[in-house]
Structures are given as C-alpha cells and as structure tokens.
Amino acid sequence: MIQHLLPRACDCVARSRTRRASRILPALAALAALLGVPDAAAAPALGVTAPAVPGAAAHRVGPLFEGGLDDGHFCTASVVHSDYGDVIATAAHCLDGLDSLEGALFAPGYRNGVAPFGLWRLTGRYLPPGWDEGEDEDEDGNGAEGAEGKDPDADIAFATVAPLGGAEGQNVEDVVGGFRVAVRQPAHATVTVLGYPSSRNVPLRCVNTTRLLSDTQRRIDCPALSGGTSGSPWLVDGALAGVLGGHEDGGTDPDVSYSAVLGDQALELYREAAVSES
C-alpha cells in the first residue's frame, strides 16, 4: 500500500525533537536557577498554609517576645522601610497589650530557637488615635465598650527598635531590608501572609485572594493561622498592605483571618514613625 512506500520521517522528527528537548530543558532549568527565576510548578496552591522557606521576605518577619527567647512569643511583626531603618509594623492590639516596652523584643528570621539576625529591643510605639476611641454608648448614653473599647479599623501599629547589646548605630533594615507600605489595595488583591503561631518556632506562609468583609476590613481564607499570628504582614506584590488583626482581633477561626484596610490614617501613622529617630 502507498503508506508503506512513504518514508517514516515523522518518527525521526519526533525522536529528534525529543532528544533536543532533553538537552534544552535541563539547560533552561539551570539558566533559570542561575538567574533566580521562580519555578512556577513549585509555587504553592492558593489557600494552602505551609512552613515559609528562608529568604528575603521571611527574614524581615519575626515574632515578638516579652522577656526573652525562653518566654515564648505572642505576636508577629515585620520590618518596613523608614528614614532611620528602625521601624517594624504589627497590630495595635499587640503593642497596646504591653504594660511597658521594657523587655519587649523582636527577632527577625527566627527559627527553632535561633535569632540569626539578632534580637532587637522595642524603643517606641505608635498607636493610631482611633484605637482608643472605639467606645459605643449604651441606651443611657454611657460609654460601652465595643471590641474591648477599641476600633478594629485602627488595628495597625508601628514600633521603633534598636539592637539588643549591639552597636547603637546599627539598624534592622540594613540587616534584613524592609517592606514598602502600600495603602488602598483592590478588594480582591492576592495576599501573602507570613506569621508565627505561638505553638510553632518557624514561620508559616499562605497565599490567597482576599475579599472585603466591609469597606474597612479585608478577609483571607488561610488555614492554621492561630494565636501568635496577630500582626503578621499581608503582602501585595512585596509591599505591606495590612497586618493580621482588625475584626475580632484578626479572627476567632484560625482558618479565616482579617486585616483593617490601610487608608489615610494608617499612612499618616506610618509616616510619623518612619521619620522619627529612636
């Protein structure tokens, strides 16, 4: 039959292409690794929480301690860009709960009992005016606390830090870098959350698309972000667009978290902290 008389060039071409691909694909993979291009296949699925891989972003995030590394950590904070390189961001309810800043420490990049970038003592805190103005009135016109007398829309705070037992001229941003602060992000922004549950000594990471709970509160569905993750940065394109907090102090369900939408008040507070020398 005619088909038996035709050369089988298609098989040869296929084999040739397979051999060529077998040489090219590893070369491309090696080149991508050399250039630092992320592997799309290795990207985690949306809404999955897993240990954060060490890297530039994770190094800027750390737990807050009250006393020392042996006393356990209670919230999460992250380094943000500032004039003096000494500002961290967290939730207002994290800093407001401290009787004083004495003994309060920040450990960027903390893992398994080790603070690879040193310990940084808190030297000042910046709480929004609205955080202490969240009282409602009862039927008799008397002050009645709503959300413990605090405004969940103002649950963002900043603090300045200095090295513990180190050279006073050193600043944390020079050591690990700092996130830009970005306000007024779109309702359905894709957010990366990095935080430390109190029960773990490594940071967790989750990426998911957010939606608005209200005009002033943002919600994300990420499992296992339990107590201790309050103050965790919400990153959009590598910039801080919120912190875990706000509604219900960040949420009562560890699988659903919240953040106050950062607006003009948060931006003004950030600017105040960013230009202040600790």
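First, a word on scope: everything that follows refers to the structure included in this document.

Calculation notes
- Residues numbered from 1 in each chain as written.
- Predicted model: local features only at pLDDT ≥ 70, side-chain atom pairs only at ≥ 80, totals over all residues.
- Heavy atoms only, no water.
- Helix = DSSP H or I, 4+ residues; strand = E, 2+ residues; numbered from the N terminus.
- Buried < 20%, exposed > 50% of the residue type's maximum accessible area, 1.4 Å probe, protein only.
- Contact = heavy atoms within 4.5 Å.
- Areas by Shrake-Rupley, 256 points an atom, 1.4 Å probe, with all protein chains shown as cover.
- Pairing = 2+ DSSP bridges.
- Phe/Tyr/Trp six-rings, centres within 6.5 Å; stacked < 30°, edge-to-face > 60°.
- Patch = residues over 30% accessible without salt bridge, like charges linked within 9 Å, V, L, I, M, F, W, Y side chains within 5 Å.
- Salt bridge = Lys/Arg side-chain N within 4 Å of Asp/Glu carboxyl O.
- Lys, Arg positive; Asp, Glu negative; His and termini not counted.
- Charge placed at Lys NZ, Arg CZ, Asp CG, Glu CD.
- Disulfide = S-S within 2.5 Å.

**Looking at the overall build of the protein chain**
On a plain count of helices and strands, the protein chain comes out with 6 helices and 17 strands. Buried positions account for 43% of the 278 residues belonging to the protein chain. A separation of at least 24 residues holds for 70% of the contacts in the protein chain among residues at least 6 apart in sequence. Working note: accessible area of the protein chain is about 14,300 Å², and carbon and sulfur atoms make up 52% of it.

**What to know about the sheet that holds strand β12 (residues 204–209)**
Pairing is mixed across the open sheet formed by 6 strands, whose spatial order is β1-β12-β11-β15-β16-β10. Each edge of the sheet is formed by a strand with only one pairing partner; in this case those strands are β1 (49–51) and β10 (180–181). In this sheet, β12 lies alongside β1 in antiparallel orientation, the contact comprising 3 bridges. Its bridge partner being in β12, P51 is matched across the sheet by L204.

**A word on the packing of aromatic side chains**
Under the counting rule described, the total for this entry stands at 3 aromatic pairs. Ring centres of F65 and Y110 lie 5.3 Å apart, and the angle between their planes is 70 degrees; this geometry places the pair in the edge-to-face category. With a gap of 45 residues between them, F65 in strand β2 (residues 61–66) and Y110 in the loop between β5 (104–106) and β6 (120–126) connect regions that are remote in the sequence. Y110 matches F65 in its accessibility class, with the two residues each being buried. On the basis of an interplanar angle of 50 degrees and a centroid distance of 6.3 Å, the ring pair of Y110 and Y196 is categorised as tilted. A residue pair is termed long-range when its members are at least 10 positions apart, and Y110 in the loop between β5 and β6 and Y196 in the loop between β11 (190–195) and β12 qualify at 86 residues. For Y110, a relative accessible area of 3% gives the class buried. Look at Y196 and you get buried, because its relative accessible area is 0%. Every member of this aromatic cluster is reached through a ring pair, and the members are F65, Y110 and Y196.

**Details of a negative patch on the surface**
On the surface, a cluster of negative charge is contributed by E66, D70, D71 and D99. Mapped onto the fold, E66 is located in strand β2. Assessed through its relative accessible area of 44%, E66 is described here as partly exposed.

**Things to note about the state of the cysteines**
Per the stated rule, a full pass over the model turns up 2 disulfides. The side chain of C75 participates in a disulfide bridge whose partner is C94; the two sulfur atoms lie 2.1 Å from each other. Judged by the torsion about the S-S bond (-80 degrees), the C75/C94 disulfide is left-handed. Of this pair, C75 sits in strand β3 (residues 73–80) while C94 sits in helix α4 (residues 92–96); the two residues are 19 residues apart in sequence, bridging distant segments of the chain. For C75, a relative accessible area of 5% gives the class buried. At a sulfur-sulfur separation of 2.1 Å, the disulfide partner of C206 is C222. In this structure the cystine formed by C206 and C222 twists about its S-S bond by roughly -80 degrees; its chirality is therefore left-handed. Of this pair, C206 sits in strand β12 while C222 sits in the loop between β14 (217–221) and β15 (233–236), and the two are 16 residues apart along the sequence. When sorted by exposure, C206 lands in the same class as C222, which is buried.

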